[in-house]
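# Close look at the chain arrangement
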Amino acid sequence: MSAFSDVELLHDFLTEAGDLLEDVDSKLVELEQSPEDSELLATVFRGFHTIKGGAGFLEATHLVELCHKTENLFDKLRSKKLILDAEMMDSIMAATGEVHRMFGEMRNGHQPGAAPVELLDALDAAIEGRTVAPVLEVEHVVPTATSEKSDKPASSPNAQPNATDDDLDWAGLYEAVVGVAPRELEQAALSTDMATEAISRQAAAAVRPKAPAPKAKAAGPAVNVAKENSIRVDTARFDQILNLSGEIGLTKNRLNCLFQSISAGVVNDDLIKSLDTVVGQLDMLVSDLQSAVMKARMQPVGRVFQKYSRLARDVSRQLGKDVELVIEGAETEVDKSILEELNDPLIHLVRNAVDHGIETIEDRIGCGKNPKGIVNLSARQTGDHIVIEIQDDGRGMRPEIIREKAVEKGLISSEEAGQLSVQESLQLIFLPGFSTKDQISDISGRGVGMDVVKTNIQRLNGRIEIQSEPGHGSKITILLPLTLAILPVLMLKLEEQIYSLPLSSVREIIPIEENKVQFVSGKPTMVVRGEVIPLLDLATLIGRESNPGPKVGVLAVSGDRACILAVDSLVGQDEVMIKPLDGIKPKGVAGATLSGEGLLVLVLELRELIEGKL
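Residues numbered from 1 in each chain as written. Predicted model: local features only at pLDDT ≥ 70, side-chain atom pairs only at ≥ 80, totals over all residues. Heavy atoms only, no water.

## Describing the overall build of the protein chain
Going by this rule: The secondary structure listing takes helices from DSSP runs of H or I that are at least 4 residues long and strands from runs of E that are at least 2 residues long, numbered from the N terminus. Throughout, exposure labels follow a simple rule: accessible area from a 1.4 Å probe, protein chains only, divided by the maximum for the residue type, with under 20% read as buried, over 50% as exposed, and the rest as partly exposed. Note that accessible areas follow from Shrake-Rupley with a 1.4 Å probe, and for residues the cover is restricted to the protein chains shown.
In terms of helices and strands, the protein chain carries 19 helices and 18 strands. Burial statistics for the protein chain: of 614 residues in total, 45% are counted as buried. Of the accessible surface of the protein chain, which amounts to about 30700 Å², a share of 52% is contributed by carbon and sulfur atoms.

So, in C-alpha cells, the structure goes:
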C-alpha cells in the first residue's frame, strides 16, 4: 500500500512542509537583497532537501524531481560554484510556486502533476551554468473571502492564441488530464470566472506546455483554503495546564470532604471558614487554568506575516516598482481563531499599499525620495488588545480626490461630499464599489476589497482607522481583541429576560429622560456632549413588546455608527464564553451563554442589530 494513502501521515507532511515552504519563500525575498548570504543559501537548501525527503517517502515523484533540481542548484550556489542572478531567482521563485501547487493537489488526495518542462529545463540550465531563458512563473489564485473577480479567465500557457471560453470545456479538460472532476472552490472565495481561471491553470500545468511560455504575471503564494485544525504549543504551557489540573483535583477532594461533613449535620464556624477558603482557592485555580488554556491557543503573528514578503515582492515586480516589506513585532501573540481570520484583510492591505500607495521608481526619484518604497507591517500588544499597522512612505491619500471619485461613482451626493471632514473622506474608501483606479487590472480597480476588509475586522470585534499625509504616505491601524473565546459583556434586562452586549461596543451608560429626547425627521434622538445620537428601543429591534416604563440608555458604537439602546435595566459586567446556536442564526444574535444563575443569555451582535435602522 502506498504511503500516500495514509491520511494522517499525509497531513503531518503537509503541515511540516507547508511551514518549511513559507519560511523558504520569506528567505528567498531576503536572498534577493543579499544574493551571497551563505546562511540564507544554506537555509533554503535545507528546506528543499527536507521537503524532498518527505515527498520521496510519499512517492510523490514529480515533487521529488522538482525539489531535487532546485536543491542541486542551491548546492552549487552555497559552494560558490555559481552566483545568483535575477534570471536564476525567477526560476527559483517559479519552482516554489509549483511546489505550492503540488501541495494543493496533495491536500485534495491526488498525486501532484509534473512541473512545466520549461521550468525543469531552466533549472537544468542554471545548474550547468548556461543562460537561463525566461521562465513561466506560476500564478496562484489566493482563495480568500475577498478575492477580486477577473474580467476574463486567463488563458492557459498551452492554449491556442485565438481560443475563447466558448471553444473549450475547461472542466472537461481538467477531468481528462488529471483523472478527477475539478475540486469545488468556495463560493465566497471565487467567482465562476475565477474558478474557470484556476481550472485552466491547473490543467495547463498538468499537461506540461511544449512551446516556450512568456513570463507570467507574478502573484502571491497559494494560501490554504481549509483552516488548520492543529496548533503548535510550547510544552511548558502544557506542563502548567497539567499542574493546575492536579491542583484543581486536590481542591475538589477537599470540597467533597466538606460536603460530607455538612451532609452529616456538622455545621460550625470553622467548617464555614474552611468552605469559604476552599471556594476561593478553586476560583483562583479555575481562573489560572482558563488563562493557561488561552495562552496555549496564542500564536505569533509572524506565522501569517511571513507570507506577505513574497506577496509584496511579486506584486511590486509586476507593477515595475521597487518595494521592501519590513515586518516588526512578529513575535506578538494572538488567539489562533483571530490569526486565521486576519489573513484575508492583510492580503488586501499589503497589496493595496504596494499598488495604490507606493509610487513608481521614476515618480519617487522625481519627488526626491529613495527609489525603493517601504511598506511597514507591525504588530504590538496594548493591554488586552493587539494593534496591527500597515504603513507606507508613498503618495498618501488626497481627501478631495477620494470625495470626487465617490461622487463620480454615485456612492454619495455632491452635497454630502461637501459636508465631510478629512477623516470622514478617508473612510469613503471602505464603501462597496469604491476605487480610485480608472482602469481595471488583475490587482485592483473593481472596488472590491476594502469594504470587506472593514466588515471582517468588525466581525472580529475590532476597528480600523486611517491616517494619511499627501506626499508622505498612509497608515492603516487595526485594533483587535487578543481572543474571542472569552468575551467581556454588559448584562442587561428587558422585563425579566437577560441579554448581553459585547463590552467593546459599549461607550457609556446614560439615563433616558423624556424631556431630553428630541425628534429629528420623526425619529427619537438624544444629544450627548454636542453629538446628536439616534435613540433605539432594544425590545423593538429584537421583536419584543416594548415596556413603557422608565428606561436606561446604553451608548453603543459599531464601526463609525453610534446609537443609544433603550433597555429596562442593567445587571452588570461579566466574562462569558459564546456558544453558537446550532441550526439557526437569528439576525442580531452572535450566540448564547449561561448566566451565573444558569439562565440562558443571548449575546447580541450590534452591527446586525442596527443595520438599516440608522
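## Looking at unusual backbone geometry
At lysine 80, a position not held by glycine, the phi torsion is positive, near 65°. Relative to the helices and strands, lysine 80 is located in the loop between helix 3 (61-78) and helix 4 (86-107).

## A few points about helix 17 (residues 450-459)
For clarity, the cut-off: Contacts were defined at the residue level, with two residues in contact if any of their heavy atoms lie within 4.5 Å.
Within helix 17, 7 of the 10 residues are buried, leaving the element largely enclosed by the surrounding structure. What helix 17 keeps buried is the set Met450, Asp451, Val453, Lys454, Asn456, Ile457 and Gln458. In this structure, the buried residues of helix 17 make contact with helix 12 (336-357), strand 6 (463-469), strand 7 (473-481) and helix 19 (606-609). One or two steps after helix 17, the chain reaches asparagine 461, where phi turns positive at roughly 60°.

## So, the sheet that holds strand 15 (residues 561-567)
Under the convention used in this document: Here the rule is simple: two strands pair whenever DSSP picks up at least two bridges between them. Axis lines are fitted to C-alpha atoms, over the contacting stretch for helices. Their N-to-C directions set the angle, which ranges from 0 to 180 degrees.
Read across the open sheet, the 6 strands follow the order 10-14-15-13-12-11; overall the sheet is mixed. Since the sheet does not close on itself, it has two edges, and those belong to strand 10 (506-511) and strand 11 (518-520), each with one partner. Ignoring which end each strand starts from, the neighbouring axes of this sheet average 40° apart. Sheet analysis places strand 12 (residues 523-528) next to strand 13 (residues 531-537), joined by 4 bridges and oriented antiparallel.

## Quick notes on the environment of valine 334
Inspection of the secondary structure puts valine 334 in strand 3 (residues 333-335). Counting along the chain gives 40 residues from valine 334 to methionine 294, while the straight-line C-alpha distance between them is 9.6 Å. Those residues in contact with valine 334 that sit more than four places away from it in its chain are Arg297, Met298, Gln299, Val301, Leu339, Ile386, Pro481 and Leu482.

## As for the pattern of salt bridges
Here is the rule: A carboxyl oxygen of Asp or Glu within 4 Å of a side-chain nitrogen of Lys or Arg is what we treat as a salt bridge.
In the structure shown here, the tally under the stated rule is 34 salt bridges. The shortest N-O distance in the salt bridge between glutamate 22 and lysine 307 comes to 3.8 Å. Note that glutamate 22 is positioned in helix 1 (residues 7-33) and lysine 307 in helix 11 (residues 307-318), a separation of 285 residues in sequence. For lysine 307, a relative accessible area of 23% corresponds to the partly exposed category. Here glutamate 465 and arginine 463 are joined by a salt bridge, their closest N and O atoms 3.1 Å apart. By relative accessible area, which is 39% here, glutamate 465 ends up partly exposed. Put simply, Asp25, Glu32, Asp90, Arg310, Arg313, Asp314 and Arg317 are held in one network by salt bridges that share partners.

Structural measurements only, silent on function.
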